[in-house]
Amino acid sequence: MVPWPSSGVKEVGPMATIPELKKQYEDLGRGLPVKSEQAVDAQCLLVFRYEYPDQVSRVTVETDEFTAVCPWTGLPDYGTLKILYVPGQSCIELKSLKYYLLSYRDVGIVQEHAANRILKDLVAACRPRSMMVTLDYRLRGGIHTSVSVEYAGGGAGNAPDKN
C-alpha cells in the first residue's frame with residue numbers, strides 16, 4: 001500500500017474563532033483592504049411619521065445590490081436583501097436606506113452578522129411592530145446561503161436602543 005502524499009496542508013485542529021480564522025487568512029498574504037464594522041453608517045437612516053399606525057400594513061423592501069466583503073480575504077460578497085416590516089409610528093425613508101446599505105460596500109462582515117446588524121439598526125431607527133430581514137448571498141464556492149433574522153417586537157417599548 002502506497003502512503004498518501006503530503007499536500008502541505010496543515011492538519012485540522014480545534015475550531016478557529018473568527019479572529020483566529022481572520023489571522024490565518026492574513027498570514028496567507030493574499031488579502032485586500034477591508035474596513036471594520038465601525039464603517040457602517042446607521043446615522044444616515046431617516047424615518048418619516050406613519051399616518052396609519054393603527055392599520056396593520058406590511059411593507060416589503062427588496063434590493064439585489066447588497067455588497068459587503070469577506071472579513072478575511074476582502075473578496076466581495078453579493079446578495080439580495082429583503083426587509084419585511086409592520087410599521088409602528090414611523091417608516092424607513094428609502095434613499096437613506098440606500099445610503100446605509102452602501103456603507104457596507106467595503107466592510108468585512110460575515111453574512112450572519114450582517115443580517116443581524118441590519119435588523120438591529122433598522123429596528124432602532126423605525127421602531128416597527130415587527131420586522132424580518134433576509135440576506136440571501138449569491139453562490140460562493142458552490143454553496144448557497146440565506147440568513148433570516150426576526151424582531152417580533154410588539155411596539156416601540158420593546159425595540160432595542162439605537163446605540
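In short, a report on the structure. Each chain carries its own residue numbering, running from 1 in the direction its sequence is written. Local features are withheld for residues below a pLDDT of 70 in this predicted model, meaning they are given only at 70 or higher, and side-chain atom pairs are given and counted only at 80 or more; totals for whole chains, interfaces and linings count all residues. Values shown for side chains rest on all heavy atoms present in the structure; no hydrogens or waters enter the calculation.

## Notes on the packing of helix α2 (residues 94-102) against helix α3 (residues 111-126)
Argument step 1. Axis geometry follows a simple rule: fit a line to the C-alpha atoms, using only the stretch in contact for helices, then measure angles between N-to-C directions, giving values from 0 to 180 degrees. Going along the chain from the N terminus, every DSSP run of H or I of four or more residues is numbered as a helix, and every run of E of two or more is numbered as a strand. Across the interface, α2 lies against α3 with an axial gap of 12 Å and an inter-helix angle of 145 degrees. Between α2 and α3 lies a crossing whose hand is right-handed. Contact residues: α2 offers Leu-97, Tyr-100 and Leu-101, while α3 offers Arg-117, Ile-118, Asp-121 and Leu-122.
Argument step 2. Class assignment for the residues of the contact of α2 with α3 results in five nonpolar, no polar and two charged. Take the far helix as your reference; a near helix turned counterclockwise from it by less than a right angle gives a left-handed crossing, and one turned clockwise gives a right-handed crossing. Between two residues, a contact is recorded if the distance between any of their heavy atoms is within 4.5 Å. Think of it as three bins: nonpolar holds Ala, Val, Leu, Ile, Met, Phe, Trp, Tyr, Cys and Pro, charged holds Asp, Glu, Lys and Arg, and polar takes everything else, Gly as well.

## Concerning the packing of aromatic side chains
Argument step 1. Between rings of Phe, Tyr and Trp, where Trp is taken as its six-membered ring, a pair exists when centres lie within 6.5 Å; planes separated by under 30 degrees are stacked, by over 60 edge-to-face, and by other angles tilted. A full pass over the atoms with the stated rule returns four aromatic pairs.
Argument step 2. An angle of 55 degrees between the planes, with centres 5.3 Å apart, marks the rings of Phe-66 and Tyr-104 as tilted. Of the two residues, Phe-66 is situated in strand β2 (residues 59-69) and Tyr-104 in the loop between α2 and α3; the sequence distance between them amounts to 38 residues. The burial state of Phe-66 is the same as that of Tyr-104; both residues are buried.
Argument step 3. One aromatic cluster in this structure is built from Phe-66, Tyr-100, Tyr-104 and Tyr-137. Relative accessibility under 20% of the residue-type maximum defines a buried residue, over 50% an exposed one, and the middle range a partly exposed one, all with a 1.4 Å probe and only protein chains included.

## So, the pattern of salt bridges
Argument step 1. By definition here, a salt bridge exists when the distance from a side-chain nitrogen of Lys or Arg to a carboxyl oxygen of Asp or Glu is within 4 Å. Here the structure, examined in full by the defined rule, presents seven salt bridges.
Argument step 2. Note that Glu-37 is salt-bridged to Arg-117, the shortest N-O span being 3.1 Å. Remark: Arg-117 occurs in helix α3 and Glu-37 occurs in the loop between α1 (18-27) and β1 (47-49); sequence separation between them is 80 residues.
Argument step 3. Here Lys-98 ties to Glu-65 by a salt bridge, and the two come within 2.3 Å at their closest N and O atoms. Taken as a pair, Lys-98 in helix α2 and Glu-65 in strand β2 lie far apart in primary sequence, 33 residues in all.
Argument step 4. Linked by salt bridges that have partners in common, Lys-35, Arg-105 and Asp-106 make up one network.

## A short note on the sheet that holds strand β3 (residues 76-86)
Argument step 1. When DSSP finds two or more bridges between two strands, those strands count as paired. Ordered by their spatial adjacency, four strands build an open sheet running β2-β3-β5-β6, and the pairing between neighbours is antiparallel. Every other strand in the sheet has two partners, leaving β2 and β6 (143-151) as the edge strands with one partner each. Averaged over all pairs of adjacent strands, the angle between their axes in this sheet comes to 15 degrees, without regard to strand direction.
Argument step 2. Two strands pair when backbone bridges link them, and strand β5 (residues 130-140) and β6 are joined in this way by eight bridges, in the antiparallel orientation. Across the sheet, the residue bridging to Tyr-137 is Thr-145, located in β6.
Argument step 3. Packing of α2 onto the sheet brings it into contact with β2 and β3, and relative to β2 it is tilted by some 20 degrees.
Argument step 4. The strands touched by α3 are β2, β3, β5 and β6; relative to β5, the strand with the most contacts, the crossing angle is about 150 degrees.

## Points about the environment of Gly-74
Argument step 1. Along the chain, the position of Gly-74 falls in the loop between β2 and β3.
Argument step 2. On the accessibility criterion, Gly-74 (7% relative accessible area) is buried.
Argument step 3. Spatially, the C-alpha atom of Gly-74 lies 5.6 Å from that of Val-34, the residues being 40 residues apart in sequence.
Argument step 4. Excluding residues that lie within four positions of it along the chain, Gly-74 makes contacts with Leu-32, Val-34 and Val-69.

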